Amino acid sequence: ICNCCIERFDHHCPWVGNCVGRRNYRFFYMFIVSLAFLAVFIFACALTHLVLLQTDKKDFLDVIRMSPFSLVVSIICFLSVWSVIGLAGFHTYLTSSDQTTNEDIKGSFSNKGGGNPYSRGNICLNCFYILCGPMQPSLIDR
């Protein structure tokens, strides 16, 4: 898709404008997980701001007039946090089973009796290898 050969191609991500594969999957995964935490944090802060403004027994409409952007931010975060958390959860599943998005969508290992040849046989070992394993050298710069 990006006119490059990608080792262990996972998927092309239109949001980051890059193909995700063996050498950059850990960075993509950490980006998605940190984005999920950020969305939850911003939602909690915006909601807390609205609650703290209502301490003087003010009407909720008065609070919205005082800080309309907190309401807008909390609504946007509430609507978007579910898809971001879902994406982070899906990639956590893929990381723990040592699969790519391509392999999961095609069902490459679910229909075959041999199982996943890439799996280390343990969820913790799979996560450790993908997220903390050695960084493969670039084959382009050789």
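(A) Region of the structure containing the overall build of the protein chain. Helices and strands together make up the secondary structure of the protein chain, namely five helices and two strands. Against the globule reference of 14 Å for 142 residues, the protein chain gives a C-alpha radius of gyration of 21 Å, more extended than a compact globule. Taking the principal axes of its C-alpha atoms as reference, the protein chain extends roughly 65 × 35 × 25 Å. Taking all 142 residues of the protein chain together, the buried fraction comes to 30%. About 9,600 Å² of surface is accessible on the protein chain, with carbon and sulfur atoms providing 68% of the total. Here the protein chain contributes 11 positively and 9 negatively charged side chains, and the mean placements of these two sets differ by 6 Å.

(B) Region of the structure containing the pattern of salt bridges. This model, assessed by the stated rule, comprises one salt bridge. Between aspartate 62 and arginine 65 there is a salt bridge; the shortest N-O distance is 2.8 Å. Taken together, the positions of aspartate 62 and arginine 65, both in helix α2 (residues 60–66) and three residues apart, correspond to about one turn of that helix. Exposure remark for aspartate 62: the relative accessible area of 34% places this residue in the partly exposed category. The class for arginine 65 is exposed, based on a relative accessible area of 61%.

(C) Expanded view of the packing of helix α3 (residues 68–97) against helix α5 (residues 123–132). Running from N to C, α3 and α5 cross one another at 105 degrees; their axes reach a closest spacing of 6 Å. When the interaxial angle is binned, α3 and α5 end up roughly perpendicular. Residues Thr95, Ser96 and Ser97 of α3 pack against Ile123, Asn126, Cys127, Ile130 and Leu131 of α5. Of the residues contributing to the contact of α3 with α5, the split by class is four nonpolar, four polar and no charged.

Reading the values: the criteria
- Residues numbered from 1 in each chain as written.
- Predicted model: local features only at pLDDT ≥ 70, side-chain atom pairs only at ≥ 80, totals over all residues.
- Heavy atoms only, no water.
- Helix = DSSP H or I, 4+ residues; strand = E, 2+ residues; numbered from the N terminus.
- Rg over C-alpha atoms; globule rule 2.2 N^0.38 Å.
- Buried < 20%, exposed > 50% of the residue type's maximum accessible area, 1.4 Å probe, protein only.
- Areas by Shrake-Rupley, 256 points an atom, 1.4 Å probe, with all protein chains shown as cover.
- Lys, Arg positive; Asp, Glu negative; His and termini not counted.
- Charge placed at Lys NZ, Arg CZ, Asp CG, Glu CD.
- Salt bridge = Lys/Arg side-chain N within 4 Å of Asp/Glu carboxyl O.
- Axes fitted to C-alpha atoms, helices over the stretch in contact; angles between N-to-C directions.
- Parallel < 35°, antiparallel > 145°, perpendicular 65-115°, else oblique.
- Contact = heavy atoms within 4.5 Å.
- Nonpolar A, V, L, I, M, F, W, Y, C, P; charged D, E, K, R; others polar.

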